[in-house]
Amino acid sequence: MNWPGIIEAYRQFLPVSDKTPVVTLEEGGTPLLPAPRLAAHIGAEIDLYLKYEGVNPTGSFKDRGMTLAISKAKEEGAEKVICASTGNTSASAAAYSVRGGMKAYVLIPKGKISLGKLAQALMHRATILEVAGNFDEALSLVTEVSKTYPITLVNSINPFRLQGQKTAAFEVCDRLSEAPTHHFLPVGNAGNITAYWMGYKEYLKNGKISHLPKMMGFQAAGAAPIVLGKVVAEPKTIASAIRIGNPAGWKTAQEAALESQGKIDMVTDEEIIAAYRLIAELEGVFCEPASAAGVAGVIKLHQQGYFKKNDQVVCTLTGHGLKDADFCLKTSAKEKETGIVKDKKDLLQALGF
Ligand code: F0G
């Protein structure tokens, strides 16, 4: 059967009617990959899974929320949409706006987003507006403007975004025929953890699962306002997607962690990079640096003796590694020394024959 995109797949759980024009790139239906080599490598006797959101149409989980936000904007007759972004939201907003025949305006922190994401917004002809400040400043600007002018905000403050994103939790449960014991994911603006928690609770209410997972959100140590309990004025991390110092979903993320008896914790850039590489080397999955924060969290907590045998642990890998090929090549200088093959002898030597 062809996958129809998240709105048709989960229509009964979403705020759509027959009148809603469905603007879709057939997002969702993403792999839930067992990761036994990764679990064995870190020495954890857990069932580890990777929810690989990098294979969505624009390469990140944002597409789940964007299909709904843009469909609803179209239903309401919007002609213009706007967002602030560390890159992925802008790529997704740009693509879905094209699909829906709308114009997208994206505000990004100048020089701070990955080239792949910038290229996406460019290709889809969004108007790219660079902000001298950081993501938080860009978000407060677009929020203010969208309140008084006829332009629809498609950041995750838009409730349709989270409604769409909650479908990732449905997919996890549909595949496992139950909720996992733990769900790990990176936290930036804190929309996704809020959305997953909504999704799990809704599935419990509908009798689709019999328990809820603990929600385990991980911020980068240099951009960890929720963990530190205070706004970080100048967030710093190599994980540019989650370089956010004052998340819009702060409160709801805390509630998700509290209600589920999970936690919001942080991992260092070194831990993020180590996880980023292990996922690629051991499981054949290439994610962007920010996406590895959840796995880095699993490694950190395992080292603290946190897990019980046979815990079912799902990590969302939020975006595709190709979005930030630059970062990968910069941090893989040694591996890049491939050597030059002049003749058959060189080749055979390289092949170990
Ligand atoms: N991972 C990636 C790859 C992201 O792009 C983001 C957020 C997150 C994790 C964090 O998700 O914000 O829901 O807690 N990116 C936003 C953007 C901020 O503008 O693309 P969150």
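Above this text you will find the structure in question.
If you're wondering where the values come from, they're calculated on a predicted model, not measured in any experiment.

(A) Just the packing of helix H9 (residues 191-205) against helix H11 (residues 250-259), in detail. At their nearest, the axes of H9 and H11 sit 8 Å apart, and the two run at 45° to each other. In terms of axis orientation, H9 runs oblique to H11. The two elements H9 and H11 cross, and the hand of that crossing is left-handed. Where H9 approaches H11, its residues Ile193, Thr194, Trp197 and Lys201 are matched on the opposing element by Thr252, Ala253, Glu255, Ala256 and Glu259.

(B) Fine view of the pairing of strand E3 (residues 80-84). Burial within E3 is extensive, with four of its five residues counted as buried. Judged from the five bridges that link them, E3 and strand E4 (residues 103-109) form a sheet pairing that is parallel. Within E4, the position partnered with Val81 by the bridge is Ala104. Considered for its hand, the β-α-β crossover made up of E3, helix H4 (residues 88-100) and E4 is right-handed.

(C) Just the packing of aromatic side chains, in detail. Tallying each qualifying case throughout the model produces eleven aromatic pairs. Between Phe170 and Tyr203 the ring centres are 4.3 Å apart and the planes differ by 10°, which places this aromatic pair in the stacked class. Here Phe170, found in helix H8 (residues 167-176), pairs with Tyr203, found in helix H9; they are 33 residues apart in sequence, far enough to count as distant. By the burial criterion, Phe170 is buried, and Tyr203 matches it. Ring pairs connect the aromatic residues Trp3, Tyr10, Phe13, Phe170 and Tyr203, which therefore count as one cluster.

(D) Up close: a nonpolar patch on the surface. A surface patch of nonpolar side chains, amounting to about 510 Å² of accessible area, comprises Val341, Leu347, Leu348, Leu351 and Phe353. Mapped onto the secondary structure, Leu347 falls in helix H15 (residues 344-351). A relative accessible area of 40% places Leu347 in the partly exposed class.

(E) How the structure looks around the environment of Ser114. With respect to the secondary-structure elements, Ser114 resides in the loop between E4 and helix H5 (115-123). Given a relative accessible area of 5%, Ser114 falls into the buried group. Once residues within four sequence positions are removed from consideration, Ser114 is found in contact with Ser240, Lys323 and Asp324.

(F) Quick peek at unusual backbone geometry. For Glu26, which is not glycine, the phi dihedral falls at a positive 60°. Counting through the fold element by element, Glu26 comes out in the loop between helix H1 (6-9) and strand E1 (32-34). The residue Arg125 is not glycine, and still its phi comes out positive at about 60°. Here Arg125 lies in the loop between H5 and strand E5 (127-131).

(G) Just helix H12 (residues 269-283), in detail. Taking 1.5 Å as the rise per residue, H12 with 15 residues should run 21 Å; its terminal C-alpha atoms sit 21 Å apart, in good agreement. Looking at the residues trailing H12, positive phi occurs at Gly284, about 70°.

(H) Up close: the packing of helix H3 (residues 62-75) against H4. Following both chains from N to C, one finds H3 and H4 inclined at 40°, their axes separated by 9 Å at the closest point. Relative to H4, H3 is oriented oblique. Considering only the axes of H3 and H4, their crossing is right-handed. Within the contact between the two elements, H3 uses Lys62, Asp63, Met66, Thr67, Ile70 and Lys74 and H4 uses Asn88, Thr89, Ser92, Ala93, Tyr96, Ser97 and Gly100.

(I) A look at the sheet that holds E3. In spatial order, the strands read E5-E4-E3-E6; together these four strands make up an open sheet with parallel pairing. Edge positions in the open sheet fall to E5 and strand E6 (152-153), since each of these has one partner strand only.

(J) A look at the sheet that holds strand E2 (residues 47-52). Across the sheet, which stays open at both edges, the six strands sit in the order E1-E2-E10-E7-E8-E9 with mixed pairing between neighbours. Pairing within the sheet leaves two strands with one partner each, and these edge strands are E1 and strand E9 (263-267). Pairwise comparison of adjacent strand axes, ignoring direction, gives a mean angle of 25° for this sheet. Pairing of strand E8 (residues 214-220) with E9, which is carried by five bridges, proceeds in the parallel orientation.

(K) Geometry of the site of the ligand. Taken together, 20 residues form the shell around the ligand, and within it Asn88, Asn189, Ala190, Asn192 and Thr318 come nearest. Contacts to the ligand include Thr318, whose side-chain N or O atom sits 2.6 Å from a nitrogen atom. Within the complex, the protein chains bury 99% of what would otherwise be the 470 Å² of accessible surface of the ligand. Broken down by secondary-structure element, the contributors of at least two residues to the shell around the ligand are H4 and H9. Classifying every residue of the shell around the ligand gives seven nonpolar, eleven polar and two charged.

(L) Examining the environment of Arg175 more closely. Structurally, the position occupied by Arg175 is in helix H8. Given the relative accessible area of 51%, Arg175 is considered exposed. Along the chain, Arg175 and Pro31 lie 144 residues apart, while their C-alpha atoms are 9.4 Å from each other. A polar contact of 3.2 Å, which involves the side chain of Arg175, links it to the backbone oxygen of Leu32.

(M) Region of the structure containing the side chain of Lys166. Note on placement: Lys166 falls in the loop between helix H7 (159-165) and H8. On the basis of relative accessibility, which here comes to 1%, the residue Lys166 falls in the buried class. Among the polar contacts made by the side chain of Lys166, one reaches the main-chain carbonyl oxygen of Phe13 at a distance of 2.7 Å. Contact partners of Lys166, with chain neighbours within four places excluded, come to Phe13, Leu14, Ala195, Met198, Gly199 and Glu202.

The rules we used
- Residues numbered from 1 in each chain as written.
- Predicted model: local features only at pLDDT ≥ 70, side-chain atom pairs only at ≥ 80, totals over all residues.
- Heavy atoms only, no water.
- Axes fitted to C-alpha atoms, helices over the stretch in contact; angles between N-to-C directions.
- Helix = DSSP H or I, 4+ residues; strand = E, 2+ residues; numbered from the N terminus.
- Parallel < 35°, antiparallel > 145°, perpendicular 65-115°, else oblique.
- Left-handed = near helix turned anticlockwise from the far one by under 90°.
- Contact = heavy atoms within 4.5 Å.
- Buried < 20%, exposed > 50% of the residue type's maximum accessible area, 1.4 Å probe, protein only.
- Pairing = 2+ DSSP bridges.
- Right-handed = clockwise from strand over helix to strand, strands pointing away.
- Phe/Tyr/Trp six-rings, centres within 6.5 Å; stacked < 30°, edge-to-face > 60°.
- Patch = residues over 30% accessible without salt bridge, like charges linked within 9 Å, V, L, I, M, F, W, Y side chains within 5 Å.
- Areas by Shrake-Rupley, 256 points an atom, 1.4 Å probe, with all protein chains shown as cover.
- Salt bridge = Lys/Arg side-chain N within 4 Å of Asp/Glu carboxyl O.
- Expected span 1.5 Å × (residues − 1).
- Near = heavy atom within 4 Å.
- Polar contact = N/O pair within 3.5 Å; in protein donor to acceptor, adjacent residues only side chain to side chain.
- Nonpolar A, V, L, I, M, F, W, Y, C, P; charged D, E, K, R; others polar.

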